[in-house]
Amino acid sequence: MSQRRELAQEQDDTLGLEDAARVLRLGLEAMKALVEEGTVPAVRLNQKHTVMLREDLIEFLRAEGRRQAAERKAAIGKRPAANSAQPSPQRAKPAKARRISPPDLAAYEVKG
């Protein structure tokens, strides 16, 4: 491999905040929040430069994807299948007040 290619590959292994946000398809502020929370591992070199590894971002995506898939799977397991024989619980509709007597329409008649 040429020296230029090796250098380019090394530079691609580390990302700044803007590039990391682009990889995760997030806004810059959302990416900063993930770094501040410690959700995504990153190294602060100084006040202006934060660097992270591409492989850490990919691992974060894998872990988060698996976590969310497990949550969805658990939620599906709690509700009955659409084609099951069990009736699904009906939501209680609020009772409407019924009219006992018809309204007095005489007040609306045109006189004249």
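Before going into details, it helps to say that this report is about the structure given with it. (Residues numbered from 1 in each chain as written. Predicted model: local features only at pLDDT ≥ 70, side-chain atom pairs only at ≥ 80, totals over all residues. Heavy atoms only, no water.)

### A look at the overall build of the protein
When helices and strands are counted, the protein shows 4 helices and 3 strands. Listed by position from the N terminus, the elements making up the protein come as α-β-α-α-β-β-α. Here the protein, with 112 residues, has 12% of them falling under the buried criterion. Long-range pairs, those at least 24 residues apart, make up 40% of the contacts in the protein with a sequence separation of at least 6. A total accessible area of about 10500 Å² is found for the protein, and carbon and sulfur atoms account for 52% of it. (Helix = DSSP H or I, 4+ residues; strand = E, 2+ residues; numbered from the N terminus. Buried < 20%, exposed > 50% of the residue type's maximum accessible area, 1.4 Å probe, protein only. Contact = heavy atoms within 4.5 Å. Areas by Shrake-Rupley, 256 points an atom, 1.4 Å probe, with all protein chains shown as cover.)

### Some points on the packing of helix 2 (residues 17–24) against helix 4 (residues 54–78)
When two helices pack together, their arrangement is captured by the angle between the axes and the distance separating the axes. Their axes nearest at 11 Å, the elements helix 2 and helix 4 cross at an angle of 35°. When the axes of helix 2 and helix 4 are compared, the crossing they make is right-handed. Contacts from Ala-20, Val-23 and Leu-24 in helix 2 reach Arg-54, Leu-57, Phe-60 and Leu-61 in helix 4. Looking at the contact of helix 2 with helix 4 residue by residue, the classes come out as 6 nonpolar, no polar and 1 charged. (Axes fitted to C-alpha atoms, helices over the stretch in contact; angles between N-to-C directions. Left-handed = near helix turned anticlockwise from the far one by under 90°. Nonpolar A, V, L, I, M, F, W, Y, C, P; charged D, E, K, R; others polar.)

### Some details on helix 2
Along helix 2, the residues classified as buried are Leu-17, Ala-20, Ala-21 and Leu-24. Angular distribution of buried residues about the axis of helix 2 spans 100°; they occupy a single face of the element. In the core, the buried residues of helix 2 are packed alongside strand 1 (14–15), helix 3 (28–37), strand 3 (50–53) and helix 4. (Arc of directions from axis to C-beta.)

### Let's talk about the pattern of salt bridges
Within the structure shown, the criterion is met by 5 salt bridges. Residue Arg-22 is joined to Asp-19 by a salt bridge in which the shortest nitrogen-to-oxygen separation is 2.8 Å. Of this pair, Arg-22 and Asp-19 are both found in helix 2, 3 residues apart, which corresponds to roughly one turn of the helix. According to the relative accessible area criterion, Arg-22 is exposed, its value standing at 57%. Arg-67 is the salt-bridge partner of Glu-64, the closest N and O atoms lying 2.4 Å from each other. Separated by 3 residues within a single helix, Glu-64 and Arg-67 lie in helix 4, roughly one turn from each other. Relative accessible area serves as the criterion here: at 22%, Glu-64 is assigned to the partly exposed category. (Salt bridge = Lys/Arg side-chain N within 4 Å of Asp/Glu carboxyl O.)

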